[in-house]
Amino acid sequence: MGSLASKSKLSPEDVSFLTENTQYSSQEVFNWFSTFKRDCPSGKLGPDKFIKMYSKFFPSGNSKPFCEHVFRIFDTDKNGVIDFKEFLLAIDVSSGSTPQKKLEWAFKMYDVNGNGVITMDEMKEVVGAMFKMQFSQGAEELQAKIAEKSAQIFSAMDSNKDGIITQEEFLMACTQDRQIMELMSGK
């Protein structure tokens, strides 16, 4: 992914790749690139700047743990920075792609260690990050809420009760049970 990291202009090949792999037209790709280069002149978005930018959307809570998970998913080549291709592909998936792609992206967020399954500890970690971002309750009250919601979601998704959630179980639960989607969004 890092081929755009130090470029100041987009090559025709880059534009072609991004128009073929996102919902964006070539003009929209150029517009996104211009904005990205203005905000990240080096062509690289590091975790600290990403967290600072993202936390503006959630000023009342602690968004850092959640932002770290989002950054992990955006940084597909795991080099510690997000380049323009990674950025635009992630924006496309998280904002405008099919529900299936969004759910696959969400699964990757919950699968913290990337081994293809979600454990109860991973569920608690991501649900906790989401709650800390949204709510400013006392630590003890928040921990109880995190534990309760995590257990509800995990139990509902682990259809074969083997103690792990596969991507198939995750996708099936999310597409077939509106209550799970409400639990995951903190309602």
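Just so it is clear, the structure is predicted and the values come from calculations on it, not from any experiment. (Residues numbered from 1 in each chain as written. Predicted model: local features only at pLDDT ≥ 70, side-chain atom pairs only at ≥ 80, totals over all residues. Heavy atoms only, no water.)

Undergrad: I keep staring at unusual backbone geometry and nothing clicks. Help me out?
TA: The general pattern is negative phi for most residues beyond glycine and trans for most peptide bonds. Phi is positive for Lys78, close to 55°, though the residue is something other than glycine. For Lys78, a relative accessible area of 54% translates into the label exposed. Even without being a glycine, Lys161 presents a positive backbone phi close to 55°. Within the fold, Lys161 resides in the loop between α8 (139–157) and β2 (165–166). (Buried < 20%, exposed > 50% of the residue type's maximum accessible area, 1.4 Å probe, protein only. Helix = DSSP H or I, 4+ residues; strand = E, 2+ residues; numbered from the N terminus.)

Undergrad: I'm lost on the packing of aromatic side chains in this one. Help?
TA: Each aromatic ring pair is summarised here by two numbers: the centre-to-centre distance and the angle between the ring planes. Per the stated rule, a full pass over the model turns up ten aromatic pairs. A ring pair is formed by Phe50 and Phe71, whose centres lie 5.6 Å apart and whose planes are at 65°; its orientation type is edge-to-face. Separated by 21 residues along the polypeptide, Phe50 in helix α3 (residues 47–55) and Phe71 in helix α4 (residues 64–74) bring together distant segments of the chain. By way of ring pairs, the aromatic residues Tyr24, Trp32, Phe33, Phe36, Phe84 and Phe87 are connected into one cluster. Geometry around Phe17 places Lys85 over its ring, the cationic atom sitting 4.7 Å from the centre. (Phe/Tyr/Trp six-rings, centres within 6.5 Å; stacked < 30°, edge-to-face > 60°. Lys NZ or Arg CZ within 6 Å of the ring centre and 35° of its normal.)

Undergrad: Any chance you could explain the packing of α3 against α4 here in plain terms?
TA: When two helices pack together, their arrangement is given by the angle between their axes and by how far apart the axes lie. Two numbers describe how α3 lies on α4: the axes approach to 9 Å, and their chain directions differ by 120°. When the interaxial angle is binned, α3 and α4 end up oblique. As α3 runs across α4, the sense of the crossing is right-handed. Counting all contacts with α3, which are made through Pro47, Phe50, Ile51, Tyr54 and Ser55, the residues of α4 involved are Lys64, Phe66, Cys67, Glu68, Val70, Phe71 and Phe74. Considered class by class, the residues forming the contact of α3 with α4 number nine nonpolar, one polar and two charged. (Axes fitted to C-alpha atoms, helices over the stretch in contact; angles between N-to-C directions. Parallel < 35°, antiparallel > 145°, perpendicular 65-115°, else oblique. Left-handed = near helix turned anticlockwise from the far one by under 90°. Contact = heavy atoms within 4.5 Å. Nonpolar A, V, L, I, M, F, W, Y, C, P; charged D, E, K, R; others polar.)

Undergrad: Help me understand the pattern of salt bridges in this model?
TA: When their charged atoms lie close together, side chains carrying opposite charge are able to pair. Overall, the coordinates contain three salt bridges when judged by the stated rule. Ionic pairing is found between Arg38 and Asp39, a salt bridge with its closest N-O pair at 3.6 Å. Accessibility expressed as a relative area gives 60% for Arg38, which makes it exposed. Here Lys64 and Glu68 are joined by a salt bridge, their closest N and O atoms 3.9 Å apart. Of the two residues, Lys64 and Glu68 are both situated in helix α4; the distance of four residues between them amounts to about one turn of the helix. Given a relative accessible area of 42%, Glu68 falls into the partly exposed group. (Salt bridge = Lys/Arg side-chain N within 4 Å of Asp/Glu carboxyl O.)

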